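Chain by chain, the residues run as shown.
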Amino acid sequence: MKCLNVAPDARVERVKLQKFGLNSSDLECYKLTDISQSPSSTPLLQHHCSRVSLHRKMATLEAIKYSRGKLLVLDQLRLPHEHHYDEISTAEEAFDCIRSMRVRGAPAIAIVAALAHAVELHNGSCTANTPEEIITHIDSRLDYLKESRPTAVDLSNAINLLKSAVRAAQIEGKKHPEARDAILSAYITAAERILERDLKTNKAIGAFGASWLQQQYDATSERPISVLTHCNTGSLATSGHGTALGIIRSLHENGLLKHAYCTETRPYNQGSRLTSFELVFEGIPSTLITDSMAGALFNLHREHMNIGAVIVGADRVVRNGDTANKIGTYSLAVLARHHGVKFVVAAPTTSIDLETETGKGIKIEERKAEELTQISGAVVNSDGSIDTKRSVRVAIADQRIGVWNPAFDVTPNELIDAIVTEKGTVVKGADGKFDFSVVMPERWAAIVDSKA
């Protein structure tokens, strides 16, 4: 296994990562670490600090607006024609928001679930008195929220973190209500840190991913690369910047992106509704294609458009690198391998599930038939204008047909070239395997090494 970024020279690394949005103060948060005894190994710029400066251009699209005691979530089912924020004040409202896919994207799901319970706790929903009763109440609410989207591992990881936080609250020597307040404060603070940390993580993923791709293709402003992405992995799926779309943003900001292609992402059309909206909004040169056009795109346009990579997000990456993501991802990986296009997964370490050894252990959510046989949209007037105040739902298939509608598929690790995290870019070693022990050593030691 090798986990690498651009070059073995620390000075070159600092200059190159500065190009991708990490400034000199950010770079103090990183150090070069050799992860192999092999003299041919490439060192890793490993993150060793929780503070990444946010004083730079940020995406202006916000899926989540939060202040203590109030949570607003952008209803993504109304995009791209209407901006409407739902106020979420209870776990039940968050569950419905997630389940109905008004909010989606693994990071955003975890953030909304965590903050929704923080809001209800702040507003006095917990009437328990003893520390044991309070923790039991919090656990039950989090367990309920976990079922809203079981495939997304970020949600499970956030819940585990929040449960640990309330158990670590300093309540020794305190009585009610001081002990109660300490536990609630510990929860709310931990939930707010999930939001803050996600934005820093996304900027680091964008920098590492763009840097790795530049190395693979010797990309320059005179010879930029084109990429294809699937589903939506941008500001609308996270707290900002995005994961896979964050890499595309970083390439574009540094003059290394020729063109971005996005799939419509049937059956829920996150690509056509959301990703195309983000790309157009930010002025990134882009083209929308149907999911079934990817093979033809690679065959006919790969060379003259310099198409170098398919970049996708992840709802769950398991220990061996098998990756669950939006349905259609696996097909793109097969096509990319056939046409010699790199296949890159962008995922924060919170999306990496070390407990599950292979993709066979991933539970795949199946959704209702109507998502495949019906579609909603704003009304197009006879003059071609869009009436955003009116929408209709229409049938696009015989309603009697049987439907299989899995929300995700699993891409086997052998089809993946790189997995980009906020700690660095992980590639397979000589043994053909991914090894996440360097980017998450503590969790690896606790979960994997302890069972060896």
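This text gives an overview of the structure that appears in the document. Predicted model, so just to flag it, every value in this text is computed and none were measured.

**Comments concerning a nonpolar patch on the surface**
At step 1: Side chains of Val 392, Val 394 and Ile 396 sit close together on the surface and give an oily, nonpolar patch of about 240 Å² of accessible area.
At step 2: Along the polypeptide, Ile 396 turns up in the loop between β16 (386–395) and β17 (408–411).

**A look at the packing of helix α10 (residues 294–301) against helix α11 (residues 329–339)**
At step 1: The geometry of α10 relative to α11 is characterised by a closest axis approach of 9 Å and an angle of 20° between their N-to-C directions. When the axis of α10 is compared with that of α11, the two are roughly parallel. Here the hand of the crossing between α10 and α11 comes out right-handed. Residue-level inspection shows Ala 294, Gly 295, Phe 298 and Asn 299 of α10 in contact with α11, the latter providing Leu 332, Leu 335, Ala 336 and His 339.
At step 2: Class assignment of the residues belonging to the contact of α10 with α11 gives a composition of five nonpolar, three polar and no charged.

**Concerning the layout of surface pockets**
At step 1: Approximately 710 Å³ is the volume found for the second largest pocket.
At step 2: Lining the second largest pocket are 26 residues, and of these Leu 77, Arg 78, Arg 273, Ser 376 and Gly 377 lie nearest its centre.
At step 3: Elements represented by at least two residues in the lining of the second largest pocket include exactly α9 (270–281), β15 (374–380) and β16.
At step 4: Among the residues making up the lining of the second largest pocket, the classes are represented as seven nonpolar, nine polar and ten charged.

**Structural notes on the sheet that holds β17**
At step 1: Read across the sheet, four strands follow the order β14-β11-β12-β17 without closing on themselves; strand pairing throughout is mixed. Either end of the sheet is taken by a strand with one partner, and the two such strands are β14 (352–353) and β17.

**A short note on the nonpolar core**
At step 1: Ile 64, Leu 71, Ile 138, Leu 162 and Tyr 187 are the most contacted members of the largest nonpolar core, which has 52 residues in total.
At step 2: For this core, the secondary-structure elements that each account for two or more residues are β5 (70–74), α3 (91–99), α4 (106–122), α5 (131–146), α6 (153–167), α7 (178–217) and α9.
At step 3: Residues in contact with Leu 162, not counting those within four places in the same chain, are Ala 114, Leu 142, Tyr 187, Ala 190, Ala 191 and Ile 194.
At step 4: Of all hydrophobic cores here, the second largest spans 32 residues; its members include Val 317, Ala 333, Val 345 and Val 448.

**A short note on the pattern of salt bridges**
At step 1: Across all of its chains, the model carries 22 salt bridges by this definition.
At step 2: Arg 78 is paired through a salt bridge with Glu 82; the nearest N and O atoms lie 3.2 Å apart.
At step 3: Exposure remark for Arg 78: the relative accessible area of 33% places this residue in the partly exposed category.
At step 4: Glu 82 gets classed as partly exposed once you look at its relative accessible area, which sits at 29%.
At step 5: Salt-bridge contacts for Lys 451 lead to Glu 355; the nearest nitrogen and oxygen are separated by 3.1 Å. Placement of the pair is Lys 451 in the segment after α13 (441–447) and Glu 355 in the loop between β14 and α12 (370–373), with a sequence separation of 96 residues.
At step 6: Given a relative accessible area of 57%, Lys 451 falls into the exposed group.
At step 7: What you see here is one network of salt bridges that share partners, running through Arg 99, Arg 149, Glu 365, Arg 367 and Glu 371.

**Description of the sheet that holds strand β4 (residues 64–67)**
At step 1: The sheet built from three strands is open, its strands ordered β4-β5-β6 with antiparallel pairing. Strands at the two margins of the open sheet, each flanked by one partner only, are β4 and β6 (85–87). The average angle at which neighbouring strand axes cross in this sheet is 20°, direction not considered.
At step 2: In the sheet, β5 pairs with β6 via three bridges, with the strands oriented antiparallel. The residue bridging Val 73 from the neighbouring strand is Asp 86, located in β6.

**Structural notes on α9**
At step 1: In a regular helix each residue adds 1.5 Å, so twelve residues correspond to 16 Å; α9 covers 15 Å between its end C-alpha atoms and thus fits that length.
At step 2: Counting buried residues in α9 gives nine out of twelve residues, a clear majority hidden from the surface.
At step 3: Listed as buried for α9 are Gln 270, Gly 271, Arg 273, Leu 274, Thr 275, Ser 276, Phe 277, Glu 278 and Leu 279.
At step 4: At its buried positions, α9 is contacted by β7 (225–229), α8 (244–253), β8 (257–263), β9 (286–289) and β12 (323–326).

**Examining unusual backbone geometry**
At step 1: With omega at 10°, the peptide bond leading from His 176 into Pro 177 counts as cis.
At step 2: With respect to the helices, strands and loops of the structure, Pro 177 is situated in the loop between α6 and α7.
At step 3: Cis geometry marks the peptide bond from Arg 266 to Pro 267, where omega comes out at 5°.
At step 4: Secondary-structure assignment places Pro 267 in the loop between β8 and α9.
At step 5: At Met 101, a position not held by glycine, the phi torsion is positive, near 65°.
At step 6: Checked against the element boundaries, Met 101 lands in the loop between α3 and α4.

Conventions we followed
Residues numbered from 1 in each chain as written. Predicted model: local features only at pLDDT ≥ 70, side-chain atom pairs only at ≥ 80, totals over all residues. Heavy atoms only, no water. Patch = residues over 30% accessible without salt bridge, like charges linked within 9 Å, V, L, I, M, F, W, Y side chains within 5 Å. Areas by Shrake-Rupley, 256 points an atom, 1.4 Å probe, with all protein chains shown as cover. Salt bridge = Lys/Arg side-chain N within 4 Å of Asp/Glu carboxyl O. Helix = DSSP H or I, 4+ residues; strand = E, 2+ residues; numbered from the N terminus. Axes fitted to C-alpha atoms, helices over the stretch in contact; angles between N-to-C directions. Parallel < 35°, antiparallel > 145°, perpendicular 65-115°, else oblique. Left-handed = near helix turned anticlockwise from the far one by under 90°. Contact = heavy atoms within 4.5 Å. Nonpolar A, V, L, I, M, F, W, Y, C, P; charged D, E, K, R; others polar. 1 Å grid on protein atoms, 1.4 Å probe; cavity = no way out; pocket = protein on both sides within 12 Å on 5 of 7 lines; lining within 4 Å. Points joined across faces, edges and corners; volume = space filled by probe spheres on them. Pairing = 2+ DSSP bridges. Core = buried A, V, L, I, M, F, W, Y, C linked by side-chain atoms within 4.5 Å. Buried < 20%, exposed > 50% of the residue type's maximum accessible area, 1.4 Å probe, protein only. Expected span 1.5 Å × (residues − 1).

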